[in-house]
Amino acid sequence: MNVFDEVLRFNLVRRLIEKGYNESKEVSFILEELTEGLRANNQEAKVDAYCDVIVFAIGAIYKLGYDAELSMQEVCKHINSEVAGEYDAEQGKYLKGQRHYFPDFSKAKI
């Protein structure tokens, strides 16, 4: 069983999927975990917060009626189709290049 299956199982056992998607709750759970990560004073606590964000995000994707793993595969295809992106040291970030594949989330609809 992979991580996506484990998170789905977690949500199904707790009957969270059937409660449906509530945007304000889903976003607030993710923001709460991000805030915990900001307050964390050691790396393990930061890792825990990021992992919790992923768990909540996967659950929210399933509640929206999409397979989270297939959705992520579509996003990865999109990211990996990029050409001519580069890191800008002055801005301290990666600048996106042109992407030739755009996610088709209909492939992930449950």
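Structure shown above.
Chains are numbered independently. Their residues run from 1 in the order of the written sequence. A pLDDT threshold of at least 70 governs which residues receive local features in this predicted model, and a stricter bar of 80 or more applies before side-chain atom pairs are shown or counted, although totals over entire chains, interfaces and linings include all residues. Processing note: side-chain calculations cover all non-hydrogen atoms of the structure and skip hydrogens and water entirely.

Hey, could you run me through the side chain of Glu 26 in this one?
Here Glu 26 lies in helix 2 (residues 23-39). Assessed through its relative accessible area of 5%, Glu 26 is described here as buried. Throughout, a residue-residue contact means that at least one pair of heavy atoms, one from each residue, lies within 4.5 Å. For Glu 26, the contacting residues outside a window of four places in its chain are Gly 20, Tyr 21, Phe 56, Ala 60 and Lys 63. Counting from the N terminus, the helices are the DSSP runs of H or I reaching at least four residues and the strands are the DSSP runs of E reaching at least two. Burial classes: relative accessible area under 20% of the type maximum marks a residue as buried, over 50% as exposed, and values in between as partly exposed (1.4 Å probe, protein chains only).

Is there a simple way to think about unusual backbone geometry in this case?
Positive phi, normally seen in glycine, also occurs at Arg 15, with a value near 60°. Relative to the assigned elements, Arg 15 resides in the loop between helix 1 (3-13) and helix 2. Here the phi dihedral of Ala 84 falls at roughly 75°; this positive angle occurs in a residue that is not glycine. Assignment of secondary structure puts Ala 84 in the loop between strand 1 (82-83) and strand 2 (86-88).

Mind showing me how you'd approach the pattern of salt bridges here?
Oppositely charged side chains can form a pair if their charged atoms are brought close together. Between Lys or Arg on one side and Asp or Glu on the other, a salt bridge is scored when a side-chain nitrogen of the former is within 4 Å of a carboxyl oxygen of the latter. For the coordinates displayed, the defined rule picks out five salt bridges. The salt bridge partner of Arg 15 is Glu 18, with a shortest N-O separation of 3.0 Å. Lys 77 is the salt-bridge partner of Glu 74, the closest N and O atoms lying 3.3 Å from each other. In this pair, Glu 74 and Lys 77 are both assigned in helix 4 (residues 68-80), three residues apart and thus about one turn of the helix distant. Using a relative accessible area of 42% as the deciding quantity, one classes Lys 77 as partly exposed. Each of Glu 74, Lys 77 and Lys 107 takes part in one network of salt bridges that share partners.

When you look at the environment of Ile 61 in this model, what are you seeing that I'm missing?
Here Ile 61 shows up in helix 3 (residues 43-63). You can call Ile 61 partly exposed: its relative accessible area is 25%. Setting aside anything within four residues of it in sequence, one finds Ile 61 in contact with Tyr 66, Asp 67, Ala 68 and Ser 71.

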